[in-house]
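So you can see what is in the structure, the chains are spelled out below.
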Amino acid sequence: MQQKECLNDIKDTELEMIIKDGTILPVSISTKIITDDNGNYIRSRSTIIDISERKRAEQKIIALKKRFAYLLNSCPAVIYSTKPNNNYQCTFISERVSQVLGYSPLDFTNHPTLWLDLLHPEDKNRVFANIEQVFISNSMTHEYRLRHKDGHYVWISDELIVIRDSEEKPIEILGYFTDISQRKQTEQELFDSEAKLQAILNYSPSVIYVKDLQGKHILVNQAFLDCAKCKADDILGKTDKAIFPPEMANVIMANDQQLIESGGRLQFEETVLSDGEKRHFLSNKFALRNLAGEVYGICGISTDITDRINTEKALQESRNLLDTILKTLPIGVFWKDNQLVYQGMNSAAAQILDIDNPEMIIGKTDADLLWDEITVQKIQEEDLQVIGSGDSFLFKLQNVSLVDDTNICLETSKVPLRNLQGRLIGVLGIVQDITKRLKAENQLKDLTHRLRIALKAGAYGIWELDLKSFSLHWDQQMYEIFGMGERQSSLTYADFIACVYHEDISLVENKFALVLREKRDFSAQFRILRPDGEIRWIKAIAQIQRDREGNPATLVGINSDITEEKKAQEELCQKNEELQIATEKAEIANRSKSEFLANMSHELRTPLNAILGMTEILQDQVYGEINPRQSKALKTIETAGSHLLSLINDILDLAKIESNRMELDIKPLNVKQICSYSLSFVKQQALKKNITITSQIPENLTPFMADERRTGQVLINLLNNAVKFTPEGGKVTLKVSVISEEDKERTKNYLRFAIKDTGIGIKKEHIGKLFQSFVQLDASLNRQFEGTGLGLVLVKQILDLHGGKVGLSSEFGVGSCFMVDFPYEINQLDTNISSQKSKDSLSQNSQGENNQQISILLVDDNCPNLLTTYSYLEANGFSLVCANSGEEALNILNTHYPDLIITDIQMPNISGIELIKIIRQNPLLDQCKIIVLTALAMKGDEQKCLEAGADMYLSKPIRLKELNLKIRELLT
């Protein structure tokens, strides 16, 4: 029979045993039952195992579970675990969930996907996306909302991690979440508060900003961003250096540092460049402190005061403008308060009231001014009436009396003065002293009355035409001019045209059309046909009168009957035509006279040049020595020739003056030099007659402006006359002085030359004939005193050309004093006036030595003149070639190139001017000088020669010594 163990009957028992040393030992007894084949019990077998270590481990696990359960129950967070699949089924959740969501842990274990149902619909997508992300990052924290069992949503903060196996495969998600609803509410409230604050800041017109202690901006409002023209991201977190220009940033940072150190507040004005425009700000900065009182930042509030400053500036400019207007306004302006006390006035008002400074009126009343008591009472009554009624009165005339009994007339306007609220605070007045204006108006009325009388006396008619309606108004004189006896009630422009003579209607209408088109005044002369059939000439003058807008309104004019004047004009025109014919004949005669004088000058000067030249050659003993008797005869010839030349020159000068052809060469003249020059001409003549000549010339006389040649001619002529008409042993004096004459509002100064003699004198009845051409006072003097009678005529006419005067005082049998006055400027600058060119001091021999190398071509068709000039120049050492015509001269010039050519002008075939022009075209003769030596002496001759190419113009006859000097002067 076999035995077997029955496993089902194994029993395990745990108990404690006391061992030998008395220690309690926990053991595990395992008993097995052994039976036979029939299941009958045979025996049992037990195994005892020491389980002390296991028991101690179990105790620790129990303790740990108790502590874990305590932590789960006491922890404010809800701890959970889920599967790492799509539904994330809950596998565990702590008891704390009932306090947070109102559900028990059993609700979640029975419904593992309950939490998915509790998710807020708006958060589902975000939460699932975050959980998907945790498999990548292994951990994360996110916030979302779960629905409480009572229906409201709870904000939780969930932190979770992924648990992985050894192969890094996710096996579980562990996490915990806490209720943050209170925090979220606080954050929302804070957000709402900040939003409100930001809205307040953004709607504030002031620039507001907050900076930390490092100068970084942590808050700015919209006004700041608008001013900086940027976005918040461009400002927040940045310092002033990163935002503003360096200079501006340094100033702002210095202010910030000062504020941080003081811990107080600052107020200042600053200028900021915004969008290229300078903006002015009134800034307030203050330190920000925490609850502990520590400074943690700076807050600044800046108000844009640009508009205020501009407004203040505009207001100041407006005040300045108003002040300027008041100061320059010619009308007086004043203002008083409701107690009738002056608060101010402008300069014009102060002038009317005889007050030196307008500010002196402030605080005074009319009783303090120059008015008499009655005037003060009237003024104050008017002021009270304006203040009491609020009404104005304008342009009221007031005759007022001053305390000195002076009466003046004032034109016054007064209006109520109100403040911005419309409350009446005083009176504003405008005053103008119209005393002079009224006087002028009265004078104007009187003048108008007298003008009407004068117009009536002068037979002037007055009319007025309305340029819009073309209605016409005539005064009574107009009716008389037009021969219409009765006045008509109404006249028009058409009525006027009907009176115009038919041939002149187009003229008048064109004139009126011009007035209307070009807005110009009217002036016309035309004929009218009077009702009695008489034709009369009318002169009409009118001016346009304009309205306030400047548009032409009326045409006001006068008419006068000029029939008699027209007749006189016709007679005058006839006489003028006759005079014109006579003038043309006179001009023809004058031209004939000029041509005659030119020809006579040439014909007389040509032989005279030979006579005087040959005389000079003989006197210089060029052809050999002469005896005293011959010298005396030559002197007689020279004197007669010079006298004849003087007569020719006087006649030519007179002809030039009478034909207005004499031109003056005005330049500064030295007084002493011109006197010495003139006296030298008469000293020899005076010496022969034993006449004493003296001169009285003041020192330091400044030069005077005159023609040197003509001035010498005047003085020499008068001195010659004085010596000629003074008996032997007499006396002649030349006195120079400065005189002044009053001419209107200007003082004229003259330089007077007085020539006084002790001669025969002049009878009073003869003085009037002194300055007539070709007249001598006494025919019996002709034989005793030679002359043409042209000298004084030339003197007077030369002085007239200079703008001067000639005077005379004389006593018959005693003597005369001729006075010539030249215009004179006392303060004109002294000028170094050279006297006559000094004569060459070289001897004839030395001249000859110098002249031997000078080649001269003489061209003249007059053989005596040619021989005379040739002989003298050859004797002075010049190398000479002669030609009797222009053709011969040109032939010579083909092979000979002289240094100088002296030519006459009037020559046959080729004239002197034509010869000069041909010579100037030859480049081989560029350096050759040309002197014209001619008997032509009329106006224009010299200019023609110089324009043709001549270098110098000399008139025959000429002294050969002077010719020698001119040659040397030209070639030097």
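Refer to the structure presented above.
Residues numbered from 1 in each chain as written. Predicted model: local features only at pLDDT ≥ 70, side-chain atom pairs only at ≥ 80, totals over all residues. Heavy atoms only, no water.

1. Remarks on the overall build of the protein
Assigned secondary structure in the protein consists of 28 helices and 36 strands. Looking at the protein as a whole, 37% of its 972 residues are labelled buried. Considering only contacts within the protein whose residues lie at least 6 apart along the sequence, 52% involve residues at least 24 apart. Of the accessible surface of the protein, which amounts to about 57900 Å², a share of 52% is contributed by carbon and sulfur atoms. (Helix = DSSP H or I, 4+ residues; strand = E, 2+ residues; numbered from the N terminus. Buried < 20%, exposed > 50% of the residue type's maximum accessible area, 1.4 Å probe, protein only. Contact = heavy atoms within 4.5 Å. Areas by Shrake-Rupley, 256 points an atom, 1.4 Å probe, with all protein chains shown as cover.)

2. Some thoughts on a nonpolar patch on the surface
On the surface, L15, M17 and I48 cluster together to form a nonpolar patch covering roughly 240 Å² of accessible area. When you line up the elements, I48 lands in strand β3 (residues 41-50). (Patch = residues over 30% accessible without salt bridge, like charges linked within 9 Å, V, L, I, M, F, W, Y side chains within 5 Å. Salt bridge = Lys/Arg side-chain N within 4 Å of Asp/Glu carboxyl O.)

3. Quick look at the sheet that holds strand β8 (residues 170-179)
Pairing within the open sheet is antiparallel, and its five strands lie in the order β5-β4-β8-β7-β6. Every other strand in the sheet has two partners, leaving β5 (90-93) and β6 (139-147) as the edge strands with one partner each. Going across the sheet, the axis of each strand differs from the next one's by a mean of 25 degrees, ignoring polarity. In this sheet, β5 lies alongside strand β4 (residues 78-82) in antiparallel orientation, the contact comprising three bridges. Pairing of S81 across the sheet is with F92, part of β5. Strand contacts of helix α5 (residues 124-137): β6, β7 (153-164) and β8, with the helix running at about 160 degrees to β6, the strand carrying the most contacts. Each of β6, β7 and β8 is contacted by helix α6 (residues 181-203), which is oriented at about 120 degrees to β7, the strand it contacts most. (Pairing = 2+ DSSP bridges. Axes fitted to C-alpha atoms, helices over the stretch in contact; angles between N-to-C directions.)

4. Structural notes on the sheet that holds strand β10 (residues 217-220)
Within the open sheet, the five strands sit side by side as β10-β9-β13-β12-β11. Their pairing is antiparallel. For this open sheet the edge positions go to β10 and β11 (265-274), each flanked by a neighbour on one side alone. When the angles between neighbouring strand axes are averaged without regard to direction, this sheet yields 25 degrees. In the packing of helix α9 (residues 306-328) onto the sheet, contacts are made with β11, β12 (277-289) and β13 (295-304), and the angle to β12 comes to roughly 130 degrees.

5. Things to note about the pattern of salt bridges
In a structure, side chains of opposite charge can pair up when their charged atoms sit close to one another. Inspection of the entire model under this criterion finds 30 salt bridges. Salt bridges here are not isolated pairs; linked through shared partners, they connect K336, D366, E382, D383 and K414.

6. Quick look at the packing of helix α24 (residues 863-875) against helix α28 (residues 960-971)
Following both chains from N to C, one finds α24 and α28 inclined at 65 degrees, their axes separated by 11 Å at the closest point. Note on packing geometry: the crossing formed by α24 with α28 is right-handed. Across from T868, T869, Y872 and L873 in α24, the residues of α28 making contact are L960, K961, L963, N964 and I967. Taken together, the residues of the contact of α24 with α28 sort by class into five nonpolar, three polar and one charged. (Left-handed = near helix turned anticlockwise from the far one by under 90°. Nonpolar A, V, L, I, M, F, W, Y, C, P; charged D, E, K, R; others polar.)

7. As for helix α18 (residues 671-679)
Looking only at α18, the buried set comprises V671, I674, C675, S678 and L679. All buried residues of α18 lie within an arc of 130 degrees about the axis, which places them on one face of the element. For α18, the side-chain oxygen to backbone nitrogen distance between the N-cap and K672 is 3.1 Å, and the N-cap itself is N670. (Arc of directions from axis to C-beta. Polar contact = N/O pair within 3.5 Å; in protein donor to acceptor, adjacent residues only side chain to side chain.)

8. Remarks on the side chain of H217
You can see H217 is positioned in strand β10. Judged by its relative accessible area of 2%, H217 falls in the buried class. Here K238 takes part through its backbone oxygen, which lies 2.9 Å from a polar atom of the side chain of H217. Not counting residues up to four positions away in its chain, the partners in contact with H217 are Y209, V210, K211, F224, I235, L236, G237, K238, T239, D240 and I243.

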